[in-house]
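Summary of the model geometry
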Amino acid sequence: MSIRDMANAAHVSTTTILRFLKKMDYSGFSEFKFALKQSLKQPSKAQQDPSMEPIKNFFQLVADEEPFDNKIEQAADMINAADLVLFFGVGNSGRIAQYGASILSSYGIYSLPIIDPFQPEPFSNRDFSKTLLVLVSISGETDEVL
């Protein structure tokens, strides 16, 4: 691909590409193409994110376990059967609760986070029988959640 072809494909000018390459410490487009060809010849190394190791280990442990799959299916059935899903958490667990509610909402499931343990009960005569409450506690020892 020539620099003009790349500029047209990216909807920018050739000057913009040259400025970008200069900021990336390439002397020109030819040097960039050569470096790109060299990098494609070398076997790629998978980038390891050390923060993901605990999560990977957890899923490797439970991946083949039948009861885990059953529990996930049971949780999905409970979420699908609910008219409203409330996520409750305090502190950092509250942030996870907000994230969980946001994820379900993005799938069209009516869900809300509750992060205040002292929030008053509603006075309405609303039927809450089809409401699912998901309690989130990172430590498992938060008194307000327990």
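One structure accompanies this document, and this report is about it. (Residues numbered from 1 in each chain as written. Predicted model: local features only at pLDDT ≥ 70, side-chain atom pairs only at ≥ 80, totals over all residues. Heavy atoms only, no water.)

Tracing the chain through its elements places S111 in strand β2 (residues 111-114). The class of S111 is buried, set by a relative accessible area of 4%. A distance of 2.8 Å separates a polar side-chain atom of S111 from the backbone oxygen of A101. Those residues in contact with S111 that lie beyond four places of it in its chain are L84, V85, F87, A101, L104 and S105. (Helix = DSSP H or I, 4+ residues; strand = E, 2+ residues; numbered from the N terminus. Buried < 20%, exposed > 50% of the residue type's maximum accessible area, 1.4 Å probe, protein only. Polar contact = N/O pair within 3.5 Å; in protein donor to acceptor, adjacent residues only side chain to side chain. Contact = heavy atoms within 4.5 Å.)

This part takes up the packing of aromatic side chains. The tally for this structure, following the rule as stated, stands at two aromatic pairs. With centroids separated by 5.5 Å and ring planes inclined at 80°, the aromatic side chains of Y26 and F32 adopt a geometry described as edge-to-face. Assessed through its relative accessible area of 25%, Y26 is described here as partly exposed. A relative accessible area of 18% places F32 in the buried class. Summarising the aromatic geometry, the rings of F29 and F32 are spaced 6.2 Å apart at their centres and angled 40° between planes, so their arrangement reads as tilted. Of the two residues, F29 and F32 both sit in helix α3 (residues 29-41), three residues apart, roughly one turn of that helix. Both residues of the pair, F29 and F32, count as buried. (Phe/Tyr/Trp six-rings, centres within 6.5 Å; stacked < 30°, edge-to-face > 60°.)

Together, M52, I55, F58 and F59 make up an exposed nonpolar region whose accessible area comes to about 370 Å². Relative to the elements of secondary structure, M52 occurs in the loop between α3 and α4 (53-62). (Patch = residues over 30% accessible without salt bridge, like charges linked within 9 Å, V, L, I, M, F, W, Y side chains within 5 Å. Areas by Shrake-Rupley, 256 points an atom, 1.4 Å probe, with all protein chains shown as cover. Salt bridge = Lys/Arg side-chain N within 4 Å of Asp/Glu carboxyl O.)

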